[in-house]
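Survey of secondary and tertiary structure
The lines below spell out each chain.
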Amino acid sequence: MRTIRGLWLALLAAGMLALPACSNNAPTGADGGTDTNSDGDTDSDTDTDTDSDTDSDSDTDGYSVDTLFEQDSLIIPMDIDYQDDGMFLAYGLVYQLLKNDINVHWLIKTPKDLGDDDFVASTLDVPTGDEVVEHGYRGGPFAVAAEDAAAALIVVDAWQASHVTAVHQATESFIGPVARILRNVPRIGIFATGQEDISFDYMNAAGVPDSLDQAWPDAKDPTGVYSGYPDILSVAEVRGPTDTNDKDGALFDNAGEPVFCELMTMHWDVADRDDEAIAEIREYLHYPVHFFAECQSVNAVENSVNGHFLTPNGYIMDERPDEVDVVHPYLPFSQFDGEFETVGGSEPSYSLPEGDSYFDDGVVMMTETGSPIGYRDVWMTGYLDGECDIDVVIEKGGGGRLPPPEDCPGKISYLGGHKYSTDTPISENPDSQGTRFFLNALFEADCITADL
């Protein structure tokens, strides 16, 4: 029987709680070592008894479930060997597959070290037919089960006609570690706080459209008004007309239910912080949604009197790390392949006040090399107020990642650095990897992985 929370997730992902959404759907690392360098410049349920032709293996350890994928299954590589030029557009292809009611499996070995293969498979390139023999796929690749391959290839062919994205088809069965099953197209809101064009660049680089199936604007409108773009929200729209009702802004419909699965905000000048808008975001996060902030938006939100989503007393803004450690290379948020380079800006990293700790220490994905958690952290993701642990690993043989409890709230992701590049190939542009973290967070939300 579908739970109330499951029904709500289904309606939210489909955009049926308020404004029309675009669709309703059902069906890493640097080579060797964990340090990556800078140039110094300024939950879901992994039960695989789904509509896909895959069989779960009970030999599991942590988040992923070893699953049999039959011959003809599709793989979207996410390593620089085969996706160096199409890394961001791979997420756009995933979006299109979900839009066409095709489940996508996110394959991540657990546990693993940075740079480890997630699995090995022999495949043919689509559409060239070039043979790929026993390749070690890494960086968190995506897969489509064999029984969905015919429908998926129609989407792939249309996508590849105008986008550079590698897709492989298995020539024999293989075992893939399923960490997430993506089922739903998200409705994505972009919070226009002054530098929303950074979000536009990230989304357009991936080919992920808005709810009207159109590309995001190619530049910031100095008026802050985006006619014809219902998913771009001003501060006034988010805060709503009153300071007494924290659910009267554009994040909610008339019934007080969230309209968006995701909300993204970039550099928000702290001097322009609106505490009531942040109070609305806090109310929004009481649902299983996702909120992403980058650079000064982290300070504006987390250090607000209505913020403190991940910390008890906010952050101290800190310097740009020269080298970083990846703390949880097996979590979806931390998937990448190649070198990572930090970027500058007003807030390249974050430290906690002396004596403080996170509500959940597992939230830190990347921090300065050799530093303790809470000092010069660069990439963080966790549940509101630490109400659920982001890094829950169960004992081997337990059947895969535990689904989050029914009452888990929304997730918050914070990324240090003003703006990451969207240039490819990734191997020549390590400062583009932060854009991939943005996209990882976009597709990890519980409202995307919900079982309809």
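Before any of the text, the structure's been laid out above.
All values derive from a computational prediction rather than experimental measurement. (Residues numbered from 1 in each chain as written. Predicted model: local features only at pLDDT ≥ 70, side-chain atom pairs only at ≥ 80, totals over all residues. Heavy atoms only, no water.)

Tallying secondary structure elements over the protein chain gives ten helices and 20 strands in all. Sorting the 452 residues of the protein chain into buried and exposed places 61% on the buried side. (Helix = DSSP H or I, 4+ residues; strand = E, 2+ residues; numbered from the N terminus. Buried < 20%, exposed > 50% of the residue type's maximum accessible area, 1.4 Å probe, protein only.)

Attention shifts here to unusual backbone geometry. With omega at -5°, the peptide bond leading from Thr110 into Pro111 counts as cis. Its location among the elements puts Pro111 in the loop between strand S5 (104-107) and strand S6 (117-126). Going from Thr424 to Pro425, the amide bond is cis rather than trans, its omega being 5°. Tracing the chain through its elements places Pro425 in the loop between strand S20 (411-415) and helix H9 (433-444). A positive phi is found at Glu134, a non-glycine position, where the angle reads about 45°. For Glu134, the position within the fold is in strand S7 (residues 131-138). For His308, which is not glycine, the phi torsion reads 55° and is therefore positive. Under the relative-accessibility criterion, His308 is labelled partly exposed at 22%.

Moving on, we come to the state of the cysteines. Following the criterion strictly, the structure yields two disulfides and no others. Between the sulfur atoms of Cys261 and its disulfide mate Cys447 the distance is 1.8 Å. Between Cys261 and Cys447 the disulfide shows an S-S torsion of about 80°. By sign, it is right-handed. Within this pair, whereas Cys261 is found in the loop between helix H6 (235-239) and strand S13 (262-265), its partner Cys447 is found in helix H10 (residues 446-449), the two being separated by 186 residues in sequence. Considered together, Cys261 and Cys447 belong to a single accessibility category, that of buried residues. Cys388 shares a disulfide with Cys408; S-S distance 1.9 Å. The S-S bond linking Cys388 to Cys408 shows a torsion near -115°; that makes this disulfide left-handed. Of the two residues, Cys388 sits in the loop between strand S19 (377-383) and S20 while Cys408 sits in the loop between S19 and S20, which places them 20 residues apart along the sequence. A relative accessible area of 2% places Cys408 in the buried class. Described in terms of the sequence order of its bonded cysteines, the disulfide pattern of the protein chain is 1-4, 2-3. (Disulfide = S-S within 2.5 Å.)

With that settled, consider the pairing of strand S9 (residues 167-170). Every second residue of S9 is oriented toward a common face, with Val167 and Gln169 on one face and His168 and Ala170 on the other, all of them buried. Across two bridges, the pairing between strand S4 (residues 74-76) and S9 is antiparallel. The residue bridging Ile75 from the neighbouring strand is His168, located in S9. Bridge analysis of S6 against S9 gives four bridges, and the strand direction is antiparallel. Directly across from Leu124, in S9, lies its bridge partner Gln169. (Pairing = 2+ DSSP bridges.)

This part is about the packing of aromatic side chains. Overall, the coordinates contain 21 aromatic pairs when judged by the stated rule. Aromatic side chains Phe336 and Phe437 sit 5.5 Å apart centroid to centroid with 85° between the ring planes, which places their arrangement in the edge-to-face category. Remark: Phe437 occurs in helix H9 and Phe336 occurs in the loop between strand S16 (323-326) and strand S17 (349-351); sequence separation between them is 101 residues. Counting every residue linked through ring pairs, the aromatic cluster contains Tyr202, Phe292, Phe336, Phe340, Trp379, Tyr420, Phe437 and Phe438. (Phe/Tyr/Trp six-rings, centres within 6.5 Å; stacked < 30°, edge-to-face > 60°.)

Glancing now at the nonpolar core. Counting 77 residues, the largest nonpolar core has Ile76, Leu97, Phe142, Leu182, Met366, Trp379 and Phe443 as its most contacted members. In terms of residue count, helix H3 (residues 87-99) provides more of this core than any other element does, ten residues in total. Ignoring anything within four residues of it in the chain, the contact list for Leu97 reads Ile76, Ile102, Val104, Val144, Ala152 and Val155. (Core = buried A, V, L, I, M, F, W, Y, C linked by side-chain atoms within 4.5 Å. Contact = heavy atoms within 4.5 Å.)

Next up on the list: the packing of helix H5 (residues 197-206) against H9. As a packed pair, H5 and H9 sit with axes 10 Å apart at the nearest point and diverge in direction by 80°. With respect to H9, the axis of H5 lies roughly perpendicular. Contacts from Tyr202, Met203 and Ala206 in H5 reach Thr435, Phe438, Leu439 and Leu442 in H9. The residue makeup of the contact of H5 with H9, split by class, is six nonpolar, one polar and no charged. (Axes fitted to C-alpha atoms, helices over the stretch in contact; angles between N-to-C directions. Parallel < 35°, antiparallel > 145°, perpendicular 65-115°, else oblique. Nonpolar A, V, L, I, M, F, W, Y, C, P; charged D, E, K, R; others polar.)

Before going further, it helps to examine the pattern of salt bridges. Tallied over the full model, the rule gives 15 salt bridges. Measuring nitrogen to oxygen at the nearest pair gives 2.8 Å for the salt bridge that ties Lys112 to Asp118. No difference in accessibility class separates Lys112 from Asp118, as the two residues are buried. Linking Asp201 and Lys419 is a salt bridge whose minimum nitrogen-to-oxygen distance equals 2.9 Å. Taken as a pair, Asp201 in helix H5 and Lys419 in the loop between S20 and H9 lie far apart in primary sequence, 218 residues in all. On the basis of relative accessible area, Lys419 is assigned to the partly exposed category, the value being 38%. Residues participating in the shared-partner salt-bridge network are Arg180, Lys411, Glu444 and Asp446. (Salt bridge = Lys/Arg side-chain N within 4 Å of Asp/Glu carboxyl O.)

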